[in-house]
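Structural overview
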Amino acid sequence: MVERKVRLLSSADILQVCSMKEAIEAVRRAFILASEGKVEVPTRTRLDVPEARGTSLIMPSYLPEAGKLGVKIINLYEDNPAKGLPFSQALMLVFEASDGRPSGILEAGTLTALRTGAACGLATELLSRPESQRLALFGAGFQARFQLEAVVAVRKIEEVRVFDQDKERAEVFARKMSERLSIRLKVAGSAQEALENADIVSTATTSKTPVFDDKDIKPGVHINAIGSYKPEEREVPSLTVARARVFVDSRDMALEEAGDLIIPMKEGLFGPEHIEAEIGEVASRKKSGRLSAEEITFFKTVGIAAQDIVLASIVLQKAIEKGLGYLFDFYEG
Ligand SMILES: NC(=O)c1ccc[n+]([C@@H]2O[C@H](COP(=O)([O-])OP(=O)(O)OC[C@H]3O[C@@H](n4cnc5c(N)ncnc54)[C@H](O)[C@@H]3O)[C@@H](O)[C@H]2O)c1
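Residues numbered from 1 in each chain as written. Predicted model: local features only at pLDDT ≥ 70, side-chain atom pairs only at ≥ 80, totals over all residues.

Turning next to the site of the ligand. Around the ligand there are 29 residues in total, and Gly141, Gln143, Thr205, Ser207 and Gly303 lie nearest to it. Broken down by element, the shell around the ligand gets its largest block of residues, three residues, from helix H4 (residues 142-154). Classifying every residue of the shell around the ligand by side-chain character gives 13 nonpolar, 13 polar and three charged. (Near = placed C-beta within 6 Å. Helix = DSSP H or I, 4+ residues; strand = E, 2+ residues; numbered from the N terminus. Nonpolar A, V, L, I, M, F, W, Y, C, P; charged D, E, K, R; others polar.)

Here it is in structure tokens:
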């Protein structure tokens, strides 16, 4: 008998069935499939809602190996945090590719944060120096928790310095996360202080301009940048990107959306060939990752739908096995 009901999964359901380590493996698979052209991810559609300072991204996907079709809609609203609402709100719809049946609706704010953290966990595993111990984390918002958990999942982190322009937010975050992960988290008073002796830097802010100075980045550092997703916005200074070996989630998407790369390219600092590889090419060993202990490596992710559909398929399957979520009948009789 074909299942006609749709499974609704909350944020808590998703976190119950998928650890960060499992998410990293899912995203490794997603990036390898994406780089090999084995998952279909048409360019996402962007709708602007200027009256409300909002942007809506519509991200379709087709994953033949799991027989799933997906669409994620993620709405990013700049004024939401001040209203006590999440900056991003999202749903992921999953359909069976065999007959088009809807099979899952997932809360996708958490799904997105988990897969974005996992992307940087993978990049950190592949690109940072193995002995890295100190993390500088920029931003103490919703994504930051997952960025931190991801780095801690792949490196033995001894100290984290978190810097947010909202110091109170950074303090609450540091208290909560040091309890949760049993690691030392300090609030930095400035970007420069956060970067002192950092081995790994993760930026997860809503800033439209660089969040640190190039001169504060030391040789050997690995940087993950997730924040900006528009061509005119960025978190990382041009000079840092110019002197780094650069890796991305998707070349096409990065050249279309990543201000961190597009702005220095417009300034004439480098061309598209400065992108060394997609992270999937490094994960599948087609391209090399870090070549020396001194080089700076830079991973920019704008997020691709392959991550969403691979992770959503795994989460949905695990939820079915555990009988998690709420089964909803859209049809009569
Ligand atoms: N790459 C991806 O796949 C992906 C996925 C999801 C979200 N994002 C992006 O991640 C960013 C963060 O999202 P969020 O949900 O955590 O937002 P949030 O509003 O919860 O947190 C953002 C934090 O950044 C801080 N901030 C802003 N400017 C800063 C600066 N110059 N220095 C230090 N801190 C600064 C804010 O005070 C805030 O605490 C957004 O830009 C979002 O679009 C990217």
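Continuing now.
Domain annotation for the protein reports domain 1 (6-111 + 306-328) and domain 2 (127-304). If you average the C-alpha positions of domain 1 and of domain 2, the two centres end up 23 Å apart. Opposite the 13 residues of domain 1 that make contact, domain 2 presents 16 residues. Elements with a minimum of two residues in the side of domain 1 that touches domain 2: helix H2 (20-35) and helix H11 (305-322). Looking at the side of domain 1 that touches domain 2, the element that brings in the most residues is H2, giving eight residues. Considered class by class, the residues forming the side of domain 1 that touches domain 2 number nine nonpolar, two polar and two charged. (Domains from an automatic or database assignment. Contact = placed C-beta atoms within 7 Å.)

Strand direction decides the pairing type here: strand S2 (residues 45-49) and strand S3 (residues 54-63), joined by five bridges, are antiparallel. Considered in S3, the bridge of Leu47 is made with Ser56. Hairpin geometry of S2 and S3 is characterised by an intervening segment of four residues between the two adjacent antiparallel strands and by a positive phi of about 50° at Arg53. Where S3 meets strand S4 (residues 68-77), 10 bridges bridge the pair, whose relative direction is antiparallel. Pairing of Ser56 across the sheet is with Asn75, part of S4. (Pairing = 2+ DSSP bridges.)

On to helix H3 (residues 108-127), then. Between its terminal C-alpha atoms H3 stretches 28 Å, which fits the 28 Å expected from 20 residues at 1.5 Å a residue. With 19 of 20 residues buried, H3 lies mostly within the body of the structure. (Expected span 1.5 Å × (residues − 1). Buried ≥ 20, exposed ≤ 12 C-beta atoms within 10 Å, placed from the backbone.)

The contact between H3 and H4 brings their axes to 8 Å, and the two run at 35°. Here the hand of the crossing between H3 and H4 comes out right-handed. Here Ala113, Leu114, Thr116, Gly117, Ala118, Cys120, Gly121, Thr124 and Glu125 of H3 lie close against H4, whose contacting residues are Phe142, Gln143, Phe146, Gln147, Glu149, Ala150, Val151, Ala153 and Val154. Of the residues that constitute the contact of H3 with H4, the class distribution is 10 nonpolar, six polar and two charged. (Axes fitted to C-alpha atoms, helices over the stretch in contact; angles between N-to-C directions. Left-handed = near helix turned anticlockwise from the far one by under 90°.)

Time to look at the sheet that holds strand S5 (residues 88-96). Strand order in the open sheet formed by seven strands is S2-S3-S4-S5-S6-S1-S15, and the pairing between neighbours is mixed. The sheet terminates laterally at S2 and strand S15 (326-328), the two strands that pair on one side only. Averaged over all neighbouring strand pairs, the angle between strand axes comes to 15°, with direction disregarded. Relative to strand S6 (residues 102-107), strand S1 (residues 6-9) runs parallel, the two being bridged by three bridges. Across the sheet, the residue bridging to Arg7 is Gly104, located in S6. Where H3 meets the sheet, it contacts S4, S5 and S6, and its direction lies at approximately 90° from that of S5. Lying over the sheet, H11 contacts S1, S3, S4, S5 and S6, oriented at roughly 70° with respect to S3.

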